[in-house]
Amino acid sequence: MDTQKQLLTKAKLEFHSNLPKKHVGILGGTFNPIHLGHLVIAEQVYEQLCLDKVLFLPDKVPPHRGVQKTIPTISSDDRINMIKLAIRDNMHFDLDLTDIHRGGVSYTYETIKLLKEYNPNTEYYFIIGGDMVENLPKWSHIEELRQMVHFVGVCRKGFEKKSKYPILWVNTPELEISSSMIRERVRKGQTIKYLVPDDVAWYINDRGLYND
């Protein structure tokens, strides 16, 4: 490495070390579509952990096997637009398109690695459902990932608050809402009012999503 590059790197590191730490939550998923359950979880984690903000991070291609066969395909733009509509009135919610721009399968390790490179002065809190905690040992690069983020487990009935990994557990109001339920109701011509934000319901109807 030449002297000039060394000096620039050192200056960059010193600059970041003098900045105050930020504490940012991450809620990932397909958001196909986003619904009130997502928003309630994000708000509760933000408040209970005293975070600076929560990022909604849509997947490009989920890493779960067979997901493409079970979930109707809509464009990334549609999913992104619905997230924007859902969070636009909340100043401490934001959209992050790292996975969308990176492309390929959305592995959490790769995503967090990029976010840490872009924002070295940020502590990330990765939000997962209590039902997902038991699957953490199967995650790609889990040992490296556990050093990079704080895992936040959302308590769920029927699932123990137990893991060999450190988990910050958060209690939230339990809403029996899922994206699959929303899609099924739309397909059957049933109302989704009070299950998704009004603007998201309008968008789904206007674009004719999930009707097939």
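A brief report on the enclosed structure follows.

**Focus on the overall build of the chain**
From N to C terminus, the chain includes ten helices and six strands. Every one of the 212 residues in the chain was classed for burial, and the buried ones make up 43%. If you take every contact in the chain between residues at least 6 apart in sequence, the share linking residues at least 24 apart comes to 70%. Summing over all exposed atoms, the chain offers an accessible surface of approximately 12600 Å²; the carbon and sulfur share of this is 50%.

**Quick look at the nonpolar core**
Judged by nonpolar contacts, the single largest core of 36 residues is most densely connected at Ile34, Phe56, Met82, Ile87, Ile127, Val200 and Ile204. Looking at this core, the elements with two or more residues in it are α2 (36–48), β2 (53–58), α4 (76–87), β3 (93–95), β4 (122–129), β5 (149–154), α9 (179–187) and α10 (198–207). The biggest single contributor to this core is α4, with six residues. Residues contacting Phe56, with those up to four places away along its chain left out, are Leu27, Phe31, Ile34, His38, Leu39, Ala42, Ile83, Ile87, Phe93, Asp94, Leu95 and Asp96. Counting 20 residues, the second-largest nonpolar core is a separate cluster that includes Val24, Ile112, Leu115 and Trp139.

**Quick notes on the pairing of strand β1 (residues 22–29)**
As defined by bridge partners, β1 adjoins β4 across five bridges and the pair is classed as parallel. Counterpart to Val24 in the pairing with β4 is Tyr124. Two elements, β1 and β2, share six bridges in a ladder whose sense is parallel. Bridging from a neighbouring strand, Leu27 pairs with Phe56 of β2.

**Some details on the side chain of Ser76**
Locating Ser76 in the fold gives a position in helix α4. Setting aside anything within four residues of it in sequence, one finds Ser76 in contact with Lys60 and Ile100.

**Focus on the pattern of salt bridges**
Counting across every chain of the model gives eleven salt bridges. Salt-bridge contacts for Asp131 lead to Arg156; the nearest nitrogen and oxygen are separated by 2.9 Å. Separated by 25 residues along the polypeptide, Asp131 in helix α7 (residues 130–133) and Arg156 in the loop between β5 and β6 (167–170) bring together distant segments of the chain. The partly exposed category is assigned to Asp131, whose relative accessible area is 30%. Via salt bridges that share partners, Glu184, Arg187 and Lys188 belong to a single interconnected network.

**Quick word on the pairing of β5**
Consecutive side chains along a regular strand alternate between the two faces of the sheet. Burial of β5 is extensive: five of the six residues sit out of reach of the surface. As paired elements, β4 and β5 share six bridges and run parallel to each other. Residue pairing in the sheet places Gly129 in a bridge with Val154 of β5. As defined by bridge partners, β5 adjoins β6 across four bridges and the pair is classed as parallel. Considered in β6, the bridge of Val152 is made with Leu168.

**Examining unusual backbone geometry**
Omega for the bond connecting Asn32 with Pro33 falls within 30 degrees of zero, at 5 degrees, which places this linkage in the cis form. Looking at the secondary structure, you find Pro33 in the loop between β1 and α2. Positive phi values are uncommon outside glycine, yet Tyr194 reaches one of about 70 degrees. Residue placement: Tyr194 occurs in the loop between α9 and α10. For Tyr194, a relative accessible area of 63% puts it in the exposed group.

**So, the sheet that holds β3**
Taken in spatial order, the six strands line up as β3-β2-β1-β4-β5-β6 in an open sheet, and their pairing is parallel. Strand pairing shows two members of the sheet lacking a second neighbour, β3 and β6, which therefore form its edges. If you compare each strand with its neighbour and ignore which way they point, the axes differ by 30 degrees on average. Two strands pair when backbone bridges link them, and β2 and β3 are joined in this way by three bridges, in the parallel orientation. Bridge pairing in β3 links Leu55 to Asp94.

Cut-offs applied
Residues numbered from 1 in each chain as written. Predicted model: local features only at pLDDT ≥ 70, side-chain atom pairs only at ≥ 80, totals over all residues. Heavy atoms only, no water. Helix = DSSP H or I, 4+ residues; strand = E, 2+ residues; numbered from the N terminus. Buried < 20%, exposed > 50% of the residue type's maximum accessible area, 1.4 Å probe, protein only. Contact = heavy atoms within 4.5 Å. Areas by Shrake-Rupley, 256 points an atom, 1.4 Å probe, with all protein chains shown as cover. Core = buried A, V, L, I, M, F, W, Y, C linked by side-chain atoms within 4.5 Å. Pairing = 2+ DSSP bridges. Salt bridge = Lys/Arg side-chain N within 4 Å of Asp/Glu carboxyl O. Axes fitted to C-alpha atoms, helices over the stretch in contact; angles between N-to-C directions.

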